[in-house]
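What follows is the residue order along each chain.
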Amino acid sequence: MLSLLPVFLLLLAAGVVLTLRLRGVNTGVCWLVSVGAALVVWGLTLSLHWWSPAPLLIENWLPGGMSAGSVRFEWGRSGWVFAFSLSSLLLATLFTASVRLLPVSPIIWAGVTAVTGVGMLAVLAASPMALILGWTLLDALELGILLANLRGARQTVGETTAFSVRVFGTLLVAVAVVIAQAQGQPFTFEQASAPVALLLLVAAGLRLGVIPLHLPYTDVPLRRGMGTVLRLTISAASLSVLAKVSAVTIPAAAKDWLLAFLAIAAVYGAGRWFTAQDELAGRPYFLAVLGSLAVAGAVNGDPQAALVWGSLLVTAGGLLFLFSIRTVGMRLFSGLALLALSGLPFTPAAPAWAGLAGTTWDAVDFIFIATYAVLLAGYARHSLRTENGFAGQERWVWVTYPVGIAALTGAVYAALYLGLDSPWVLGAWWISAPCAVLGVVLLLADWRLRHSRPETVERMRWAAVVAGRVGGFLSALLSLNWLYRLGMGLFGWIQRLVGFFTVILEGDGGVLWTLVLLALLASLVRAGGGG
């Protein structure tokens, strides 16, 4: 049970805060309970890097002697990296909540604590059944939170589709379990056969919103704290699978198609991320880009790439999404996070280049590199955006907010420097250096364009029109909405055909038509038997 002690502590803290709120206890007490629990779990998670408890194994858990595999949770390398990243994100979210006191809601603090606890359960899953359990609980919790936030709002088809696709991804893991049992092989992440591993890869891509591309809840007004924790936790729970599965051998033709699709999704996401109004509006696209890079690393046979991109997605991404006070001194933290993302030698992202820069080079590799440069430029652009300072804030906020951001900045480096076997690597410096330079050029070009004369901006309007139309085409193509509409059209055509025959058979000549169809069926059977 010690393996899940951090999870139990977080869920217990969420229940305590919710109970205190319902009993009308002071809001400050609720915040102190939440922060205290987050600090304890953060320290406990950090210590588990050096002291790993025995795995939690539950066997024969189905009644009647049925077998569906064991439920196993353990603190492996990837599990610790993701769990520490999530605990750091929770700690930073609660500390920075001091600047988001309107409206005050301890229920939100209980919600982010519970989401983090269930997310840690998912990333610690070491067996397929444990993964299914973690993903299902996370989806159920997300659905409850979103229904509460959507109260009075209009739920769109895209939101329903996003949730349905994630559930289908969970069902694919169940299908993989059935296939492994049919092959007579024990199903573990490290020893999964090629078809089973490919199913896990597709399942993770579906839940990430990359295969096909879907950007869930882009129009739902989620808060900066709750929305950040919810979106990043779901992504981390999906990427943790890719980091655990051993190198997957994919047929060359399928591999080329997958990489091409991922490259297009990354290009679209990077463009929308760079041009977004702010970091919260661009958050789904930031996740889509790093998700595409992580899946591409797994397709190329490098699970460590998913581990690196996933940790940076939670820590560096979470830092920017919580970054609402931007004094000159505070921008130092976002600069350090950007340096970690750059992939320059000896930075946390450097080991991930091996998943993109293989032995052979093709057009897809260059697309990924250019895409990452746009991602870096967008991160810098949103970091430099003007925002409120500490003016008007109480003195204690001047302490708690920087502490939260500083803790998450430290986690950007600590999670990977401690979690990877060989974190201090040069990486592909011949890629990272030009990529960083290209990002700076894009940032300067954007600054120059935004500060140009009105007539210059008007002359460049055609580029915005073309980019908008190309982006709309890519969005429609990658989201596969056309495929959904085609399926619905086919279903409607079959429904009308069945209705047509129903009208015929139920009419005055229905008996005669039934006899004619029986005679036709009998003649076909006789002809088949005679042949």
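Computed from a predicted structure; not experimentally measured.

So, about the overall build of the protein. When helices and strands are tallied, the protein shows 19 helices and two strands. Taking as baseline every contact in the protein between residues at least 6 positions apart, the subset at least 24 positions apart corresponds to 82%. Within the structure as shown, the protein displays about 24,400 Å² of accessible surface, and the carbon and sulfur contribution to it stands at 69%.

To continue, consider the side chain of Thr371. By the secondary structure assignment, Thr371 is in helix H13 (residues 363–383). Among the residues examined, Thr371 registers a relative accessible area of 4% and is labelled buried. Thr371 has contacts with Ala266, Val267, Ala270 and Val289, leaving out every residue within four places of it along the chain.

What the rule picks out here adds up to 14 aromatic pairs. Relative to Phe84, the ring of Trp42 has its centre 5.9 Å away and its plane inclined at 35°; by these criteria the two rings are tilted. With Trp42 in helix H2 (residues 27–47) and Phe84 in helix H3 (residues 77–96), this residue pair connects regions lying 42 residues apart in the sequence. Look at Trp429 and Trp430: their rings are 6.0 Å apart centre to centre, the planes differ by 85°, and that puts the pair in the edge-to-face class. Positioned over the ring face of Phe321 is Arg283, at 5.8 Å from the centre of the ring. The ring of Phe274 is capped by Arg381, whose NZ or CZ atom sits 5.9 Å from the centre of that ring.

Attention now moves to the nonpolar core. Ranked by internal contacts, the top residues of the largest apolar core, which has 150 residues, are Phe73, Trp309, Leu312, Phe368, Tyr372 and Tyr379. Ignoring any residue separated from it by four or fewer positions in sequence, one finds Phe368 in contact with Leu259, Leu262, Ala263, Ala266, Leu293, Ala296 and Leu356.

The next subject is the confidence of the model for the protein. This prediction gives the protein a mean pLDDT of 80; 74% of its residues lie at or above 70. No element of the protein has a lower mean pLDDT than helix H17 (residues 461–479), at 53, and none a higher one than H3, at 94.

This part takes up helix H7 (residues 194–208). If you check H7, its first and last C-alpha atoms are 21 Å apart, about what 15 residues at 1.5 Å a residue would give, namely 21 Å. Counting buried positions along H7 gives eleven out of 15 residues, so the element sits mostly inside the fold. Looking at H7, one finds that the buried residues are Val196, Ala197, Leu199, Leu200, Leu201, Ala203, Ala204, Gly205, Leu206, Arg207 and Leu208.

As a further point, take the environment of Val16. You can see Val16 is positioned in helix H1 (residues 5–22). Classification of Val16 as partly exposed rests on a relative accessible area of 34%.

To continue, consider the environment of Leu259. For Leu259, the position within the fold is in helix H9 (residues 252–275). Assessed through its relative accessible area of 9%, Leu259 is described here as buried. Residue contacts for Leu259: discarding those within four places in its chain leaves Ala296, Val299, Asn300, Val364 and Phe368.

On to the packing of H7 against helix H8 (residues 224–244). Across the interface, H7 lies against H8 with an axial gap of 9 Å and an inter-helix angle of 165°. In terms of orientation, H7 lies roughly antiparallel with respect to H8. With respect to the hand of their crossing, H7 and H8 are arranged in left-handed fashion. Counted together, Leu200, Leu201, Ala204, Arg207 and Leu208 of H7 and Ile234, Ser235, Ser238, Leu239, Val241 and Leu242 of H8 form the full contact between these two elements.

What follows deals with the packing of H3 against helix H14 (residues 397–419). Between H3 and H14, whose axes approach to 8 Å, the crossing angle comes to 175°. Between H3 and H14, the crossing angle belongs to the class labelled roughly antiparallel.

Unusually for a residue other than glycine, Phe346 sits at a positive phi of about 70°. Relative accessible area serves as the criterion here: at 40%, Phe346 is assigned to the partly exposed category.

Right, let's get into the pattern of salt bridges. In total, this model carries seven salt bridges according to the counting rule given. Glu142 serves as the salt-bridge partner of Arg166, at 2.7 Å between the closest nitrogen and oxygen. With Arg166 in helix H6 (residues 157–182) and Glu142 in helix H5 (residues 128–149), the pair connects residues that are 24 residues apart, well separated along the chain. Side by side, Arg166 and Glu142 carry an identical accessibility label, which is buried. Ionic pairing is found between Glu279 and Arg326, a salt bridge with its closest N-O pair at 2.7 Å. With a gap of 47 residues between them, Glu279 in the loop between H9 and helix H10 (283–299) and Arg326 in the loop between helix H11 (303–321) and helix H12 (331–342) connect regions that are remote in the sequence. Look at Glu279 and you get buried, because its relative accessible area is 0%. Exposure remark for Arg326: the relative accessible area of 4% places this residue in the buried category. Residues participating in the shared-partner salt-bridge network are Glu142, Arg166 and Arg231.

Glancing now at H9. Under the 1.5 Å per step criterion, the end-to-end length of H9 is 35 Å for 24 residues, consistent within 8% with the ideal 34 Å. Listed in full, the buried residues belonging to H9 are Leu258, Leu259, Leu262, Ala263, Ala265, Ala266, Tyr268, Gly269, Ala270, Trp273 and Phe274.

Moving on to the side chain of Thr170. Tracing the chain through its elements places Thr170 in helix H6. Apart from the residues within four sequence positions on either side, Thr170 is in contact with Ile132, Trp135, Thr136, Asp139 and Arg207.

Scoring rules and cut-offs
The numbers attached to residues start from 1 for each chain and follow its sequence in the written order. Given that this is a predicted model, residues contribute local features only at a pLDDT of at least 70 and side-chain atom pairs are listed and counted only at 80 or more, while totals for whole chains, interfaces and linings are drawn from all residues. Hydrogens and waters are ignored; side-chain quantities use all the structure's heavy atoms. The helix count covers DSSP runs of H or I at least four residues long, the strand count covers runs of E at least two residues long, and both are numbered beginning at the N terminus. Any pair of residues with heavy atoms lying within 4.5 Å of one another is described as a contacting pair. For every accessible area listed, the method is Shrake-Rupley and the probe measures 1.4 Å; residues are considered covered only by the protein chains on display. Relative accessibility thresholds used throughout: buried, under 20% of the residue-type maximum; exposed, over 50%; partly exposed, between the two (1.4 Å probe, protein chains only). Aromatic pairs are defined between Phe, Tyr and Trp rings, using the six-membered ring for Trp, whenever the two ring centres lie within 6.5 Å; interplanar angles under 30 degrees are classed as stacked, those over 60 as edge-to-face, and all others as tilted. Two conditions define a charge located above a ring, namely a distance within 6 Å from the ring centre to NZ of Lys or CZ of Arg, and an angle within 35 degrees of the ring normal. Buried Ala, Val, Leu, Ile, Met, Phe, Trp, Tyr and Cys residues that are joined via side-chain atoms within 4.5 Å together make up what is termed a nonpolar core. Predictor confidence is given residue by residue as pLDDT, running from a minimum of 0 to a maximum of 100. Expected helix span is taken as 1.5 Å per residue step, with the number of steps being one fewer than the number of residues. Working convention: axes come from line fits to C-alpha atoms, limited for helices to the stretch in contact. Angles between N-to-C directions cover 0 to 180 degrees. An angle counts as roughly parallel when it lies under 35 degrees, as roughly antiparallel when it exceeds 145, as roughly perpendicular when it falls between 65 and 115, and as oblique in every other case. Crossing chirality is assigned from the near helix's rotation relative to the far helix, an anticlockwise turn below a right angle marking it left-handed and a clockwise turn marking it right-handed. By convention in these notes, a salt bridge is any Lys or Arg side-chain nitrogen within 4 Å of a carboxyl oxygen on Asp or Glu.

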